[in-house]
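The primary structure of each chain is shown beneath.
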Amino acid sequence: MKQKDKKTIVLFNPMPVKHPVEIRNKMTTSLQVPLINVPLSLLAIARMVKNDYTIKIVNAVVDTNYKELILNACENALCFGVSSMTCYQIRDGLDISMAVKERYPSLPVIWGGYHPTTQPEQTLNNPNIDIVVRGQGELTFKEVVEKLDHNLPLTDISGISYKEEDRIITNPDRDFTDLNLFPPIPYDLIDVERHIKDYKFGDRCLDYYISQGCAAGCHFCSEPLFCGRHWSGLEPETVASELEYLAKTYNVDTFMIRDSDFFLNVNRVKELCKLLIEKDLNLHLSSVNGRMEHLSRIDEEVLSLSRRAGVWEVFIGIESGYQDALDAMNKGAKVDQIMSCTRQCIKHDIDLRASFMVGIPGVDTKEEIKRTFQAMHTIISAYGKIERLEHLDILLSFFTPYPQTPLYNRAVERGLNYLKTLEDWGDFDQFDFKAPWMPQEYHDLVKKFRDGMPWNSGCDFDGWCYFYSGIMDELE
Ligand code: B12
Ligand code: SF4
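Because the structure is predicted, anything quoted here is derived from the model rather than measured.

Chemist: Summarise the overall build of the protein chain; cite the residues concerned and give the values.
Modeler: Helix and strand counts for the protein chain come out as 19 helices and 17 strands. Its C-alpha atoms give the protein chain a radius of gyration of 23 Å, within 12% of the compact-globule value 23 Å for 476 residues. Overall, the protein chain is about 65 × 55 × 40 Å in size when its C-alpha atoms are taken along their principal axes. Put simply, 77% of the contacts in the protein chain that link residues at least 6 apart link residues at least 24 apart.

Written as structure tokens, this is what we have:
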């Protein structure tokens, strides 16, 4: 089909946070990583239909005049798709969906991603959304597009919920599909240059992922609901050749790896690392996600090969220094694994990016905060004493209840107001949620602790130790 005869599909990645993220002192931490994300979710679904349709991708983090771009692109389009996580992305996605529906009332609006997957009916109760794609989107989206194009009913497409007149229809789930069955991510559908960021090991960092899903079942996390605890990883040869191609084509020096569990299959990781070492691409892989419980007992060869292959930073959701909280989260990890992981990272010269949260419902909040502060201090000390603080990054946040997770239900039992609409979720506090069971003075103290950490305050290790002893006195 000639390009001019193809129908257009417009896809939108809304702003993930409300305010532009301010880079305070150019070290790391979540809020200081430039907010420039490749819209991998949209590229993943676009790859399935790009040969037969014209795809227009609008990404709010790089397209400043995105509302206007979308409204223009939607003229005569086949459908408009939106990707959304819980919290602010919903708000931005809704504002734009409303504007689209106002101008083009009959244009089908399709939502997908983690939030719509976990709350399909509530999402569809919004008058500006017609179809929700639940879970992995590739095959489902392709089928939806084909049916819309031929004006056929959506009845036999698994993995969707949709509106028919005033009813919401929920079709059966779709099985999780092996990632290797899909074509490569079509980076050429976006202006890659505008999606390259400066990150720690270089100034040309691009997002990429090599697996989807996670086999663990943490009780605060949406991932188990999204993938049914399935996981699929790309073949090592595919990853190595794609990385080589992307690095050479776009002059990339670092890939930020967006997996949920990169290390799940260790043999595959070893194989991949050997291929990358052989290719000698001089690449860095950053934010490489692994589970504490797994990494603390992993075969050391995996870490040494990983380092040689370019894995210069791992991202571990340590979450808490309090065993009761780890158990309530169903993390499957033990507090003593925190230091085993830290030592492994130091030994193999792999930077550690660790995330913690406090405010888990149903545990002793004061003890939780105290033990978590102590755990973070122990890690900071391990790096501070060897003068390697710049190789560490700790993110500290407040537990945020996500829809349908076991800890959301527990939070409602402990006083959280039930969130009744999509708008409620869109306006939910994504950074500093103050749980009803969290006393204000503890909430303030956690924020003070976070601001005082070396990468936020700019202090050195001695300054940190002084600050830490003061804040622990305050807590007592
Ligand atoms: C990159 C990323 C981000 C980026 C932004 C991504 C974006 N879309 O703009 C940044 C770093 C900004 C980010 C932020 C946040 N993130 Co985030 N993030 C991720 C991460 C690591 C990768 C996402 C990705 O690209 N995956 C690859 C693509 C291919 O998969 P996918 O997104 O799932 O897309 C598939 C399907 O969902 C579906 N699909 C998706 N969109 C659409 C749209 C349509 C129309 C259709 C049909 C289908 C469809 O099809 C795709 C192909 O199968 C995921 C974890 C993960 N491994 O997925 C967490 C994850 C999505 N993030 C999460 C969270 C909670 C956040 C925060 C919102 C936290 C918060 N409370 O604020 C923060 C925002 C604040 C901050 N700290 O900056 C949760 C989501 C939970 C939820 N219920 O929303 C995840 C799952 C991590 C986790 N396990 O907890 N995140
Ligand atoms: S290991 Fe990470 S991605 Fe997997 S369920 Fe737990 S928190 Fe979610």
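Chemist: Any details on the site of ligand 2? Residues and values, ideally.
Modeler: The local shell around ligand 2 consists of Cys-214, Ala-216, Gly-217, Cys-218, Cys-221, Glu-223, Pro-224, Ser-260, Arg-291 and Gly-317. Partitioned by chemical class, the residues of the shell around ligand 2 number five nonpolar, three polar and two charged.

Chemist: So what's going on with the sheet that holds strand 13 (residues 284-286)? Residues and values would help.
Modeler: With mixed pairing, four strands are arranged side by side in an open sheet as 8-9-12-13. At either margin of the open sheet sits one strand with a lone partner, and together these are strand 8 (197-199) and strand 13. In this sheet, adjacent strand axes meet at a mean angle of 45° when their direction is disregarded. Pairing of strand 12 (residues 254-257) with strand 13 involves three bridges; the strand directions are parallel. Pairing of Met-256 across the sheet is with Ser-286, part of strand 13.

Chemist: I'd like to hear about the domain arrangement of the protein chain, residue by residue, with values.
Modeler: If you check the domain split of the protein chain, you get domain 1 (3-170) and domain 2 (188-475). Here the C-alpha centroids of domain 1 and domain 2 sit 27 Å apart. Listed as interface residues are 36 residues of domain 1 and, on the opposing side, 35 residues of domain 2. When contributions to the side of domain 1 that touches domain 2 are tallied by element, the ones reaching two or more residues are helix 1 (40-46), strand 2 (54-59), helix 3 (88-103), helix 4 (114-118) and helix 5 (120-124). By residue class, the composition of the side of domain 1 that touches domain 2 is 18 nonpolar, 16 polar and two charged.

Chemist: Tell me about helix 13 (residues 337-348), residues and numbers included.
Modeler: In this model, helix 13 (twelve residues) spans 16 Å end to end at C-alpha, consistent with the 16 Å of a helix rising 1.5 Å per residue. Along helix 13, the residues classified as buried are Gln-337, Ile-338, Cys-341, Thr-342 and Cys-345. The buried side chains of helix 13 occupy one side of the element, clustering within an arc of 140° when seen end-on. Away from its buried face, by an angle of more than 90 degrees, helix 13 presents the exposed residues Arg-343 and Lys-347. Just beyond helix 13, the residue with positive phi is Asp-349, at close to 60°.

Chemist: Run through the sheet that holds strand 17 (residues 392-398), naming residues and quoting values.
Modeler: Taking strand neighbours across the sheet as the criterion, the four strands line up as 14-15-16-17 in an open arrangement whose pairing is parallel. Of all strands in the sheet, those with a lone pairing partner are strand 14 (288-290) and strand 17, marking the two edges. Averaged over all pairs of adjacent strands, the angle between strand axes in this sheet comes to 25°, irrespective of strand direction. Of the strands in this sheet, strand 16 (351-358) and strand 17 are in contact with helix 14 (residues 365-385), which crosses strand 16 at around 170°.

Chemist: Residues and numbers for the nonpolar core, please.
Modeler: Phe-255, Ile-257, Ile-316, Ile-379 and Ile-394 are the most contacted members of the largest nonpolar core, which totals 123 residues. Looking at this core element by element, the count peaks at seven residues for helix 14. Each of domain 1 (3-170) and domain 2 (188-475) accounts for three or more of the residues forming this core. Dropping the residues within four chain positions of it, Ile-394 is found in contact with Ala-354, Phe-356, Met-376, Ile-379 and Met-453. Core analysis: the second largest hydrophobic core is formed by six residues, Cys-87, Tyr-88, Ile-90 and Leu-94 among them.

Chemist: Run through the site of ligand 1, naming residues and quoting values.
Modeler: In the vicinity of ligand 1 there are 37 residues, among which Gly-81, Ser-83, Met-85, Gly-112 and Gly-137 approach most closely. At the level of secondary structure, the elements contributing two or more residues to the shell around ligand 1 comprise helix 1, strand 3 (79-83), strand 4 (109-112), helix 4 and helix 6 (138-149). It is helix 1 that contributes the most residues to the shell around ligand 1, four residues altogether. Its residues assigned to classes, the shell around ligand 1 comprises 16 nonpolar, 17 polar and four charged. Three or more residues apiece are contributed to the shell around ligand 1 by two domains, here domain 1 (3-170) and domain 2 (188-475).

Parameters at a glance
Residues numbered from 1 in each chain as written. Chains lettered and ligands numbered in written order. Predicted model: local features only at pLDDT ≥ 70, side-chain atom pairs only at ≥ 80, totals over all residues. Helix = DSSP H or I, 4+ residues; strand = E, 2+ residues; numbered from the N terminus. Rg over C-alpha atoms; globule rule 2.2 N^0.38 Å. Contact = placed C-beta atoms within 7 Å. Near = placed C-beta within 6 Å. Nonpolar A, V, L, I, M, F, W, Y, C, P; charged D, E, K, R; others polar. Pairing = 2+ DSSP bridges. Axes fitted to C-alpha atoms, helices over the stretch in contact; angles between N-to-C directions. Domains from an automatic or database assignment. Expected span 1.5 Å × (residues − 1). Buried ≥ 20, exposed ≤ 12 C-beta atoms within 10 Å, placed from the backbone. Arc of directions from axis to C-beta. Core = buried A, V, L, I, M, F, W, Y, C linked by C-beta atoms within 7 Å.

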